[in-house]
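Examining the three-dimensional arrangement
Listed here are the chains, written in short residue letters.
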Amino acid sequence: MSAPLLMVAAAFLFASMGVCVKLASAYYPAGEIVFYRGLIGALFIAGVARARGGTLRTPVPMMHLWRSVVGVASLVLWFYALGNLPLATAMTLNYMSSIWMAMFLIGGAVLVSFNQGNGSAGHGIDGRLVVTIVLGFLGVALVLRPTMDSHQLWYGVAGLLSGMLAAMAYLQVTALGRIGEPEYRVVFYFSLGSCTVGLGTMVVNGVHGHTWQGAALLLATGLLATSAQMMMTRAYSIGHALTNASLQYLGIAFAFGYGVLLFDDPVTWMALAGMLLIVGAGLGATLLRARQAPAVSNNSVET
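These notes cover the structure that comes with them. Here the structure is a predicted model, which means the values were calculated and not measured. Starting afresh in each chain, residues are numbered from 1 along the sequence in its written order. The predicted nature of this model means local features are confined to residues of pLDDT at least 70 and side-chain atom pairs, given and counted, to a pLDDT of 80 or more, with totals for whole chains, interfaces and linings taken over all residues. Side-chain calculation: all heavy atoms of the structure are included, whereas hydrogens and water are not.

**Here's the deal with the overall build of the chain**
Each helix corresponds to a stretch of at least 4 residues labelled H or I by DSSP, and each strand to a stretch of at least 2 residues labelled E; elements are numbered beginning at the N terminus. Within the chain one finds 12 helices and zero strands. Residue exposure (1.4 Å probe, protein chains only): buried if accessible area is under 20% of the type maximum, exposed if over 50%, otherwise partly exposed. Among the 303 residues that make up the chain, the fraction classed as buried is 51%. Per-residue and other accessible areas were derived by the Shrake-Rupley procedure at a 1.4 Å probe size, with only the shown protein chains allowed to occlude residues. Looking at the chain as shown, the accessible area adds up to about 13,300 Å², and 69% of this sits on carbon and sulfur atoms.

This is the structure we're talking about:
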């Protein structure tokens, strides 16, 4: 399959995974869903590595540990938001990662400016990145206002934080890629981290019993997420980064369709306008980052 087809398929599978997570939230808490998602993913990737003759042993365990801590925290918050917000809203907030990365770039430019004694916090800051950030958060305001009740505030905050942590995970994956760690190994240790954190929540909160429906949803969540992650990884390894990032946002459109058809989520002009603003700002931030740091990519990252 070509990179564009892989990205479209991955976006659809991630949206489908979101449906499964939302439905599974009626049976299990977010931490338990994360555990089973990680367990299935780890087994799947271990099988792939064995079939390819690869090894899961890594020379940089601490880098994988930090990437897993950040990535799993993002995943838990995202699953928490998925279970309690309209599907498209939770997906959109998680896809804010490109805008958060633009904020990180601006923060870095400010620190460099002060360290070099330029006397101006704005020295070296790309004004276009500032515009993308403002537009992105304007989009957030439009998305959240018509789709959230007052008791859903914390779920919205969780969704926003999941996007911010996903941006940090992107940076960690980039660092791992630059030292030669293969994608499957990055995905494996992320899945292993998901197992560990999820198991910890189950020790504290107890283990919930299974029904056929619940077990099927957990299995589907793990298989869809891992398959989508592998497709996205492959697409970023053979395709153009900006094209891939553009097609990745189809996940929001798929989630919106699922939400309307399956969950009777509301359709308002404000929510649609907010989603368009976030997508446009995310693509703009991706393009500007690609021009400033062409080696940075988003491969091997789920959230």
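**Remarks on a nonpolar patch on the surface**
Patch membership requires over 30% relative accessible area and the absence of a salt bridge. Like charges are linked within 9 Å, and nonpolar side chains (Val, Leu, Ile, Met, Phe, Trp, Tyr) within 5 Å. When a carboxyl oxygen of Asp or Glu lies within 4 Å of a side-chain nitrogen of Lys or Arg, that pair is called a salt bridge. A grouping of M62, L65, W66 and V69 is seen on the molecular surface, where their side chains present a nonpolar patch of about 420 Å² in accessible area. By secondary structure assignment, the location of M62 is in helix α3 (residues 61-82). Overall, M62 belongs to the exposed group, its relative accessible area being 60%.

**Some remarks on the packing of aromatic side chains**
Here the aromatic set is Phe, Tyr and Trp, taking the six-membered ring for Trp, and pairing holds for ring centres within 6.5 Å; pairs whose planes are under 30 degrees apart are stacked, those over 60 apart are edge-to-face, and all others are tilted. In total, this model carries nine aromatic pairs according to the counting rule given. Residues Y27 and Y28 carry aromatic rings whose centres are separated by 6.2 Å and whose planes lie at 40 degrees to one another, so their mutual orientation is tilted. By relative accessible area, which is 3% here, Y28 ends up buried. Taking the ring centre of F263 as reference, the NZ or CZ of K22 above it sits at 5.6 Å. Look at NZ for Lys and CZ for Arg. If either is within 6 Å of the ring centre and within 35 degrees of the ring normal, a charge sits over the ring.

**Observations concerning the environment of W269**
Its location among the elements puts W269 in helix α12 (residues 269-292). C-alpha of W269 to C-alpha of V143: the two residues are 126 residues apart in sequence and 9.5 Å apart in space.

**Structural notes on the side chain of Q229**
Checked against the element boundaries, Q229 lands in helix α9 (residues 212-238). Judged by its relative accessible area of 1%, Q229 is buried. Polar side-chain contacts of Q229 include one of 2.9 Å to the side chain of R37. N or O atoms closer than or at 3.5 Å make up a polar contact, with two conditions inside protein: a donor-capable atom paired with an acceptor-capable one, and, for residues adjacent in sequence, both atoms drawn from side chains.

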